[in-house]
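Next come the chains, spelled out residue by residue.
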Amino acid sequence: MSKYPEYNHAKSHAWFQRALKVIPSGIYGHLGPAEGLFLPLEKWPLISAKAQGAYFWDMDGNKYLDLMCAYGPNILGYGDPDVDRAAMEQLMVGNCTTAPSYKMVECAELLTDTVAMADWAFFMKNGTDATTFSVMCARAATGRKKTMFLRGYYHGNDPWAMKADYPGILPEEVANNIVVPWFDLPAMERAYTENGEDVAALIAQPYDHGNFADNRCASREFWSQVREFCTKRGIVLIIDDVRTGFRLDLAGSDHYYGFSADLICFCKALANGYNMSAVCGIEALRPAASALSFTGSYWMSAEPFAACIACLNKLKAIGAPALFRKTGEALTRGFQKAAKENGFDLVVSGEPALFYLRIANDDSLMLHQEWVAECVSRGLFLTSHHNHFVNAAITGSDIALAIDIAGDAFSVVAKRHPELG
């Protein structure tokens, strides 16, 4: 018999039905069920009520240890008192004003002091804003059209970053995209030659952390070669650190892998959930960045800048990257042990701070999705076929609880599948 009684999600699903009547898909994007990752649907909470620390609660009052961290923004813990205090103090004196707050300047100073490659910082709201700005900046600086991507890429939801067969995307919007395999320098060489030396930028995550496949970490040697490749040809090297930023290295994930990007995009972990993103760049690209017509009504609001300052200073004070590695390693070791005890082969890949999980007993990936659903319905919020996140609020007892729930879920799935032996 299961040690953890399954949660009931009646109220959450009732709220979702309300959402469907007034919002396309009810909940859209990767947070919603439309992409088919939340299966079986009855196992999942779709609407939340509150959050604190490492946990959130759904509309039925069920409590979840959250290893998705709002898909990344929750880096210190929900409702971190230091970040919220700084944000609220700023909100009381001014937020979105005609002239931007001095907090924007302080935030840019802190970022340029923190990020190794940074000579300047430019602010916006979403990760997509940051990657779009970066590609525009590269085009403006080089006078070239094309962008090189590494296979399996995701760099946001503006048309240039999508695929030609996505709804609403015109072929000409992605006509200047070049896709090459990860870790394949000869393919990059060929792509450059075949495209008439018209490549403005190479944009990439710091390592291959795509969905539906084991994540593959890069090496310093690989990035050193890519850096040389770009420098020799005048290609702007853009690192999309939206997901990984400040989890591997507070100086930037390029610094972690031993090279220096030309532009680096940050978002999720910047301000512990307050809405902002940023691009940091080198001095040579300052004129191009200054020339762009690219802004938004709320991009210079002061509250998120105050939150960002508090968040980055706290990440430094606690030695966040080392803490995240330690937490991630403890969790994944425990998950693998629990899997083995129940007859499963759980593969762990990627960096420990953003680990990816896959049950290797079933090539269809549905067995893995089944196990994840059993974890969620017992209070451990994972997601299927996406990397996970840890935050600074996770304690030793939280780690023990996560491993225990994972083991219980493995035992339930094992009993359901005697054919696995």
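Residues numbered from 1 in each chain as written. Predicted model: local features only at pLDDT ≥ 70, side-chain atom pairs only at ≥ 80, totals over all residues. Heavy atoms only, no water.

**Concerning the pairing of strand 1 (residues 48-52)**
- Here strand 1 pairs with strand 2 (residues 55-58) via four bridges, running antiparallel. Bridging across to strand 2, Gln52 finds its partner in Tyr55.
- Once strand 1 ends, the chain turns through two residues before running back antiparallel as strand 2, passing Gly53 with a positive phi of about 65°. (Pairing = 2+ DSSP bridges. Helix = DSSP H or I, 4+ residues; strand = E, 2+ residues; numbered from the N terminus.)

**Some words on the nonpolar core**
- Ranked by internal contacts, the top residues of the largest apolar core, which has 112 residues, are Trp223, Phe246 and Trp371.
- Looking at which element gives the most residues to this core, the answer is helix 9 (residues 302-318), with eight residues.
- With near-sequence residues (within four places) excluded, Trp371 lies in contact with Leu346, Leu357, Ile359, Leu382, Ala406, Ala409, Phe410 and Val413.
- Counting residues in each nonpolar core, the second largest holds 27 residues, with Ala200, Ala201, Val242 and Leu285 among its members. (Core = buried A, V, L, I, M, F, W, Y, C linked by side-chain atoms within 4.5 Å. Buried < 20%, exposed > 50% of the residue type's maximum accessible area, 1.4 Å probe, protein only. Contact = heavy atoms within 4.5 Å.)

**Some thoughts on helix 6 (residues 220-233)**
- With 14 residues, helix 6 ought to run about 20 Å at 1.5 Å a step, and its terminal C-alpha atoms sit 20 Å apart, in line with that.
- Within helix 6 the residues assigned to the buried category are Phe222, Trp223, Val226, Arg227, Phe229, Cys230 and Arg233. Seen from one end, helix 6 has its buried residues packed into an arc of 160°, which puts them on one side. Facing away from the buried side of helix 6 by over 90 degrees, the exposed positions are Glu221, Thr231 and Lys232. (Expected span 1.5 Å × (residues − 1). Arc of directions from axis to C-beta.)

**Considerations on the packing of aromatic side chains**
- Using the criterion set out here, one finds 26 aromatic pairs in the structure.
- Ring centres of Trp120 and Phe133 lie 6.4 Å apart, and the angle between their planes is 75°; this geometry places the pair in the edge-to-face category. Of this pair, Trp120 sits in strand 4 (residues 120-124) while Phe133 sits in helix 4 (residues 127-142); the two residues are 13 residues apart in sequence, bridging distant segments of the chain.
- Residue class for Phe133 comes out buried when judged on its relative accessible area of 0%.
- Where Trp182 meets Phe183, the ring centres are 5.3 Å apart and the plane angle is 50°; that geometry is what we call tilted.
- Taken together, the ring pairs connect Tyr7, Phe38, Trp44, Phe56, Tyr64 and Phe381 into an aromatic cluster.
- One Lys or Arg, Arg18, reaches over the ring of Trp15 and ends 4.1 Å from the middle of that ring.
- Sitting over the ring of Trp57, Lys50 keeps its end group 4.8 Å from the ring centre. (Phe/Tyr/Trp six-rings, centres within 6.5 Å; stacked < 30°, edge-to-face > 60°. Lys NZ or Arg CZ within 6 Å of the ring centre and 35° of its normal.)

**Let's talk about the sheet that holds strand 2**
- The strand order across the open sheet built from four strands is 1-2-3-13, with neighbouring strands paired in mixed fashion. The open sheet has two edge strands, strand 1 and strand 13 (380-381), and neither has a second partner.
- Two strands pair when backbone bridges link them, and strand 3 (residues 63-66) and strand 13 are joined in this way by two bridges, in the parallel orientation. Directly across from Leu65, in strand 13, lies its bridge partner Leu380.

**Some points on the pairing of strand 3**
- Taken together, the three bridges between strand 2 and strand 3 define a ladder with antiparallel strand orientation. Residue pairing across strands places Trp57 opposite Lys63, the latter belonging to strand 3.
- Hairpin connection, strand 2 to strand 3: the antiparallel pair is bridged by four residues, and Gly61 has positive phi, about 85°.

**Some remarks on the packing of helix 10 (residues 320-341) against helix 12 (residues 396-416)**
- Viewed as axis vectors pointing N to C, helix 10 and helix 12 meet at an angle of 25°, and their least axial separation amounts to 9 Å. On the basis of the axis angle, helix 10 is roughly parallel to helix 12. Helix 12 is crossed by helix 10, and the crossing has right-handed handedness. Facing Thr327, Ala330, Leu331, Gly334, Phe335, Ala338 and Ala339 of helix 10, the residues of helix 12 in contact are Ile399, Ala402, Ile403, Ala406, Gly407 and Phe410.
- Class assignment for the residues of the contact of helix 10 with helix 12 results in 10 nonpolar, three polar and no charged. (Axes fitted to C-alpha atoms, helices over the stretch in contact; angles between N-to-C directions. Parallel < 35°, antiparallel > 145°, perpendicular 65-115°, else oblique. Left-handed = near helix turned anticlockwise from the far one by under 90°. Nonpolar A, V, L, I, M, F, W, Y, C, P; charged D, E, K, R; others polar.)

**Some details on the environment of Ser101**
- By the secondary structure assignment, Ser101 is in the loop between helix 2 (81-93) and helix 3 (102-114).
- What makes Ser101 buried here is its relative accessible area of 14%.
- The contacts of Ser101, once residues within four sequence positions are left out, are Gln90 and Ala302.
- Within the local environment of Ser101, its side chain forms a polar contact with the backbone nitrogen of Lys103, the two atoms lying 3.0 Å apart. (Polar contact = N/O pair within 3.5 Å; in protein donor to acceptor, adjacent residues only side chain to side chain.)

**Quick word on the packing of helix 5 (residues 185-194) against helix 6**
- Taken N-terminus to C-terminus, the directions of helix 5 and helix 6 make an angle of 15°; their axes are 11 Å apart at the nearest point. Taken together, the axes of helix 5 and helix 6 lie roughly parallel to each other. Our pair here, helix 5 against helix 6, has a crossing hand that is right-handed. On helix 6, the residues touching Leu185, Met188, Glu189 and Tyr192 of helix 5 are Phe222, Gln225, Val226, Phe229 and Arg233.

**Topic: the sheet that holds strand 4**
- The seven strands lie next to each other as 4-10-9-8-7-5-6, forming an open sheet whose pairing is mixed. The strands lining the two open edges of the sheet, one partner per strand, are strand 4 and strand 6 (177-180). The mean inter-strand angle of the sheet, taken between neighbouring strand axes irrespective of direction, is 20°.
- Pairing analysis gives four bridges linking strand 7 (residues 199-204) to strand 8 (residues 236-240), with the strands arranged parallel. What sits directly across from Ile203, in strand 8, is Ile238.

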